[in-house]
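What follows is each chain in one-letter form.
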Amino acid sequence: MDLSETLKNLIQNQSELEECVQNLNIHVKETFLQCYNSCFVTTNKFDDTLKLKADSVIDYLQDELNTGHWSEVLLHTRQAFTSASFIKALIVLNHPEENVQEALNCLDLGLLLGAPLCANSNLLTQSASLLTSTLHVTDSLELRIHKRKTLNCGNDSFENLRRLEVKTLNCPTLEEFNKAYYITQIPVKLKECMEHWPACTKWLDLNYLLKVAGSRTVPIELGSHYTDENWTQKLMSLKDFINNHYLGNADTIGYLAQHNLFDQISELRNDICIPDYCALSRNYDDSCEPDINAWFGPEGTVSPLHFDPKDNLLAQVYGTKQILLFSPNDSECLYPHEDKLLFNTAQVDPYKPDLERFPKFLSATVYKCLLEPGEMLFMPLKWWHHVTALDKSFSVSFWWK
Amino acid sequence: MRVFCSGFNLYGQFIKCPTLIIEEFVDYSCNATLFEPSHTFNLAVTSDGVYVHGSKNDKTHQVQKIINPGFDIKQVACFDTKILILYKNGDLFKCDFNTGALTYINKNMKKVSCNATVNIALSNDGSVFNLPSEIHFTNNGITDVASGREHYLMLDKIGKVYTCGRGSRGQLGHGDLEDELEPKIVEALDGIKIDKIAAGGWHSCAISAQGDLYVWGWNGNGQLGLYNNAKESISVMAVPQVVNFDDQDANIMAVACGHRHTIALLDDKRLYGTGWNRYCQLGKVTQETNLYRFEVICDLRNLDVKELKCGPWSSLVICL
């Protein structure tokens, strides 16, 4: 059976693929239906014209997706994008010059920008896994031992500040953690909580990551950190990211940051476990699955001093990160940006504070923490944190409410 | 009317061009007095009516008359399936795409510009509407308006530029990514007399009385053409930048923007373009999807160019 037929067999509810474009521009909808029918109804010739039609629907929807702030984009537009991405992948696979990689790219773009359908919620994830398994990984990299480099974070100007150590616990019970840290909202480092994760051994082998995910498209942050004026984001294959930015000497630092890699690539989801602590909630009616994000990059990646609106467990799979924490009570000493987009980011750089502009910084209390492989850091919501990777690093964060 | 056009033609909206992409600028003469591109159709106005050129009932390259007659029409504007008709007497109507039925909007209008979420109309007395509401702000008499997908620009009679709407990609030119609910002067252009303005999907352009081109907003596809300024990697430019053309003495005569591309006419009568070229909206200049610097895309010497226009994914040169 050819690949497009195999993909079609993954469809749970075919009519949903068609129904989710109902609100589109009438002509674009017509074009979509021509593409759709070519896959399911007629036995049209799969040629360049059909590909152009599929492209034009995708590009039209991309213009729509770029309209309005991301959080305001209508669900049906994002679902239409998911459906159109799937149809385009079928068309690419049916084209005389069948191109599995191109079809996989379509599916990944659908996964990155679209929204899951209802009756076909895993269609793109499953289709992409299936296509990935047919691609041969040709180049193999020598296994890298993740040796610690002593990256200098700059002069420790915060040495002048009142300093406290983040406490460390060995695999506390849920109750212990709840009582002493979760309810009281105090940061703590947890050891021996992720020894059962397959990721801790498997991901050390880059060839494994390349095999299950090398040909997948991921968003990469380029530039030293997100408040830098040259900062930008690019989509590239994980393989290119590893070769150019992770192992290579690209001019700009690249960071796979805050990306939900695990909904996109189910093989990697199987390598991690949601910590039990994420089941704790201050509001039992309103608990839900945590947001899981991957943070994968070379030494020297920086997340500037900021806070998140949810409780956070940062799990260090490999590599070492230096983390500085400040309590929400010290917000005033950190000079949050005034504009709406960066209100959760501090203006002061704790490693190079401009004390003339930010004199109150000296009255802040810094909590310093070195997060090593196999350790997790609990950062309560609204706690400020600055994160620097001291060597090549892979972390997984769990945000929950 | 003589038109040169290039770009997206999947619906046969350029009815005389058989291909689904017009790969290089072609001479496209028609008897229209007004010509306006949308994403899936073009509007052509002649003295006897307004015609929709594009697809109908699954067939491309169709012509359909929606308004009768057309001699008293001053301007048409369209986006997606939205059509606005401005009559010479100043009456502004919305036109139903399917039936051609007209709905009265306002009177005494001079110019309209519409896009995805904004519909801007300028009245004969210099007041401005984001339809249906009037925009209240103090100014020196607005002379021109231009709309992007979610933002708009206004030009006043002493050459100052005001912007309003979505700012998430720097398209307002205020140095940040904030939205503005009320028009705000573009301070970086204060002191530079601006003659012409244009708005793309998420970017903006202005031409100064000195003949310089200023650009700002989204550069994701190279639509700002700032490569010569060594800013090719910049994805967003929130402050107006002057574009360096190869010929330092060149004056820019006209500019128009598509969703993700920009075309500009220089005084040597060469048309330059930059940005997204997936559908040949810049013609044959490159095989790449994006062009990051302004390059010559069409030679218009010996022609009397009246106006540049862009559809979302197409470019048009309207000649006298």
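Residues numbered from 1 in each chain as written. Chains lettered and ligands numbered in written order. Predicted model: local features only at pLDDT ≥ 70, side-chain atom pairs only at ≥ 80, totals over all residues. Heavy atoms only, no water.

The name an unreviewed UniProt entry gives chain B is RCC1 domain-containing protein 1, with Aquatica leii as the organism.

The name given to chain A in an unreviewed UniProt entry is JmjC domain-containing protein, and the organism recorded there is Aquatica leii. The record in UniProt for chain A states the following under Cofactor (unreviewed entry): "Fe(2+)". Under Subcellular location (unreviewed entry), UniProt gives the following word-for-word description of chain A: "Nucleus". (UniProt positions renumbered as here; feature names shortened; annotations may be inferred.)

Student: Can you help me understand the nonpolar core in this one?
Tutor: Grouped burial of nonpolar side chains is what soluble globular proteins tend to show. Residues and elements named next belong to chain A. Of all hydrophobic cores here, the largest spans 51 residues; its most connected members are F86, I87, I91 and L131. Taken together, the elements giving at least two residues each to this core come down to α1 (3-8), α3 (26-40), α4 (48-65), α5 (75-94), α6 (100-113) and α7 (123-134). At ten residues, α5 tops the list of elements feeding residues into this core. Beyond its immediate chain neighbours, meaning those up to four positions away, F86 contacts L7, I11, L17, L107, L123, L124 and S127. Within the second largest apolar cluster, 49 residues are counted, among which are W197, A315, F394 and W400. (Core = buried A, V, L, I, M, F, W, Y, C linked by side-chain atoms within 4.5 Å. Buried < 20%, exposed > 50% of the residue type's maximum accessible area, 1.4 Å probe, protein only. Helix = DSSP H or I, 4+ residues; strand = E, 2+ residues; numbered from the N terminus. Contact = heavy atoms within 4.5 Å.)

Student: Any chance you could explain the interface of chain B and chain A here in plain terms?
Tutor: It is common to give the size of an interface as the accessible area that goes away when the parts come together. Between chain B and chain A, the contact holds 33 residues from the first and 29 residues from the second. Taken together, both faces of the contact between chain B and chain A bury some 2500 Å²; the carbon and sulfur share is 49%. Linking chain B to chain A there are five salt bridges. Its salt-bridge partner being E72 of chain A, residue R166 of chain B comes within 3.3 Å of it at the nearest N-O pair. Linking chain B to chain A there are 22 residue pairs in polar contact (both at pLDDT 80 or more). Residues of the side of chain B that touches chain A, tallied by class, amount to 14 nonpolar, nine polar and ten charged. (Buried area = accessible area lost by both parts, 1.4 Å probe. Salt bridge = Lys/Arg side-chain N within 4 Å of Asp/Glu carboxyl O. Polar contact = N/O pair within 3.5 Å; in protein donor to acceptor, adjacent residues only side chain to side chain. Nonpolar A, V, L, I, M, F, W, Y, C, P; charged D, E, K, R; others polar.)

Student: Honestly, the pairing of strand β14 (residues 393-400) of chain A in this entry has me stumped. Any pointers?
Tutor: Put simply, side chains in a regular strand alternate between the two faces of the sheet. All names here are of chain A. Most of β14 sits inside the fold, with eight of its eight residues counted as buried. Note: strand β7 (residues 291-297) against β14, seven bridges, orientation antiparallel. Bridge pairing in β14 links I292 to F398. Inspection of the sheet shows strand β9 (residues 311-318) paired to β14 by seven bridges, in the antiparallel sense. Bridged to L314 within β14 is S397. (Pairing = 2+ DSSP bridges.)

Student: Got a minute to help me understand the domain arrangement of chain A in this structure?
Tutor: All names here are of chain A. The domain boundaries assigned to chain A delineate domain 1 (3-134) and domain 2 (156-400). One C-alpha centre belongs to domain 1, the other to domain 2, and the line joining them spans 34 Å. Contacts between the two partners involve eleven residues from domain 1, matched on the other side by twelve residues from domain 2. With both chains or domains summed, domain 1 and domain 2 bury close to 920 Å², and 53% of this area falls on carbon and sulfur atoms. Sorting the residues of domain 1 by area buried against domain 2 places D108, L112 and T132 first, and these three jointly supply 48% of that buried surface. Measuring nitrogen to oxygen at the nearest pair gives 2.7 Å for the salt bridge that ties D108 to R216. Looking at the side of domain 1 that touches domain 2, the elements that each hand over two or more residues are α6 and α7. By residue number, the principal contributor to the side of domain 1 that touches domain 2 is α6, which donates seven residues. Partitioned by chemical class, the residues of the side of domain 1 that touches domain 2 number five nonpolar, five polar and one charged. (Domains from an automatic or database assignment.)

Student: Looking at this structure, how should I read the sheet that holds strand β1 (residues 162-165) of chain A?
Tutor: Strand pairing in a sheet relies on backbone hydrogen bonds. The paired strands run either parallel or antiparallel. All names here are of chain A. With mixed pairing, five strands are arranged side by side in an open sheet as β1-β11-β10-β13-β8. Either end of the sheet is taken by a strand with one partner, and the two such strands are β1 and β8 (302-306). Here the average twist between neighbouring strands, direction ignored, is 20 degrees. In the sheet, β1 pairs with strand β11 (residues 365-371) via four bridges, with the strands oriented parallel. Looking at the pairing, R163 lines up with V366 of β11. (Axes fitted to C-alpha atoms, helices over the stretch in contact; angles between N-to-C directions.)

Student: Can you help me understand the environment of L314 of chain A in this one?
Tutor: Inspection of the secondary structure puts L314 of chain A in strand β9. Under the relative-accessibility criterion, L314 of chain A is labelled buried at 5%.

Student: Looking at this model, I keep getting lost on unusual backbone geometry. Mind explaining?
Tutor: Both trends apply: most residues other than glycine have a negative phi, and most peptide bonds are in trans. Residue and element names in this part refer to chain B. Across the junction of N68 and P69, the peptide omega takes the value -10 degrees, indicating a cis bond. For the bond from L131 to P132, the omega torsion is 5 degrees, close enough to zero to count as cis. Residue placement: P132 occurs in the loop between β13 (128-130) and β14 (133-135).

Student: Sorry, what's going on with the packing of α5 of chain A against α6 of chain A here?
Tutor: The axes of two packed helices give the description: the angle between them and the distance between them. Residue and element names in this part refer to chain A. As a packed pair, α5 and α6 sit with axes 8 Å apart at the nearest point and diverge in direction by 175 degrees. It follows from the interaxial angle that α5 and α6 lie roughly antiparallel. Residue-level contacts link R78, F81, T82, S85, F86, K88, A89, V92 and L93 of α5 to V100, E102, A103, C106, L107, L109, G110 and L113 of α6. Residues belonging to the contact of α5 with α6 are distributed by class as follows: eleven nonpolar, three polar and three charged. (Parallel < 35°, antiparallel > 145°, perpendicular 65-115°, else oblique.)

Student: Would you take a moment to explain the sheet that holds strand β22 (residues 236-242) of chain B for this structure?
Tutor: Residue and element names in this part refer to chain B. As summarised here, the arrangement of the four strands in space is β19-β20-β21-β22, forming an open sheet in which the pairing is antiparallel. Because the sheet does not close on itself, it has two edges, and the strands there are β19 (194-199) and β22. Neighbouring strand axes in the sheet, compared pairwise and without regard to direction, differ in orientation by 10 degrees on average. Two strands pair when backbone bridges link them, and β19 and strand β20 (residues 203-208) are joined in this way by five bridges, in the antiparallel orientation. Paired with A198 across the two strands is C205, which belongs to β20.

Student: Can you help me understand the UniProt feature "repeat: RCC" (unreviewed entry) in chain B in this one?
Tutor: Those residues carrying the UniProt feature "repeat: RCC" (unreviewed entry) are residues 159-210 and 211-268 of chain B in this numbering. Between the C-alpha atoms that bound residues 159-210 of chain B the distance is 12 Å, and the span itself is 0% helix and 44% strand.

Student: Quick question: what am I supposed to make of the confidence of the model for chain B here?
Tutor: Per-residue confidence for chain B averages 94 on the pLDDT scale, and 98% of its residues sit at or above 70. Taken over the whole predicted complex, pTM reads 0.91, whereas the ipTM for its chain interfaces reads 0.96. (pLDDT = per-residue confidence, 0-100.)

Student: What's the story with the pairing of strand β4 (residues 217-222) of chain A in this structure? I'm lost.
Tutor: Residue and element names in this part refer to chain A. The element β4 is extensively covered by neighbouring structure, given that six of its six residues are classed as buried. The alternating pattern of β4 places T217, P219 and E221 and V218, I220 and L222 on opposite faces, both of which are buried. Sheet analysis places β4 next to strand β5 (residues 232-237), joined by six bridges and oriented antiparallel. Bridge assignment links T217 to a residue of β5, and that residue is S237.

Student: Please clarify how the packing of aromatic side chains should be interpreted in this entry.
Tutor: Each pair of aromatic rings is reported with the distance of its centres and the angle of its planes. On inspection of all chains with the given rule, the structure shows 37 aromatic pairs over all chains. Ring centres of Y182 of chain A and F378 of chain A lie 6.2 Å apart, and the angle between their planes is 45 degrees; this geometry places the pair in the tilted category. Separated by 196 residues along the polypeptide, Y182 of chain A in helix α8 (residues 174-182) and F378 of chain A in strand β12 (residues 376-379) bring together distant segments of the chain. Both residues of the pair, Y182 of chain A and F378 of chain A, count as buried. Ring centres of W203 of chain A and F394 of chain A lie 4.4 Å apart, and the angle between their planes is 40 degrees; this geometry places the pair in the tilted category. Taken as a pair, W203 of chain A in the loop between α9 (199-202) and α10 (206-213) and F394 of chain A in strand β14 lie far apart in primary sequence, 191 residues in all. Here W203 of chain A and F394 of chain A have matching classes, each one buried. Site record: aromatic cluster; members linked through ring pairs are W203, F241, Y246, F262, F296, Y318 and F394 of chain A. Over the aromatic face of Y28 of chain B sits the side chain of K16 of chain B, whose NZ or CZ is 5.3 Å from the ring centroid. Stacked on the ring of W276 of chain B, the Lys or Arg R260 of chain B has its end atom at 3.9 Å from the ring centre. (Phe/Tyr/Trp six-rings, centres within 6.5 Å; stacked < 30°, edge-to-face > 60°. Lys NZ or Arg CZ within 6 Å of the ring centre and 35° of its normal.)

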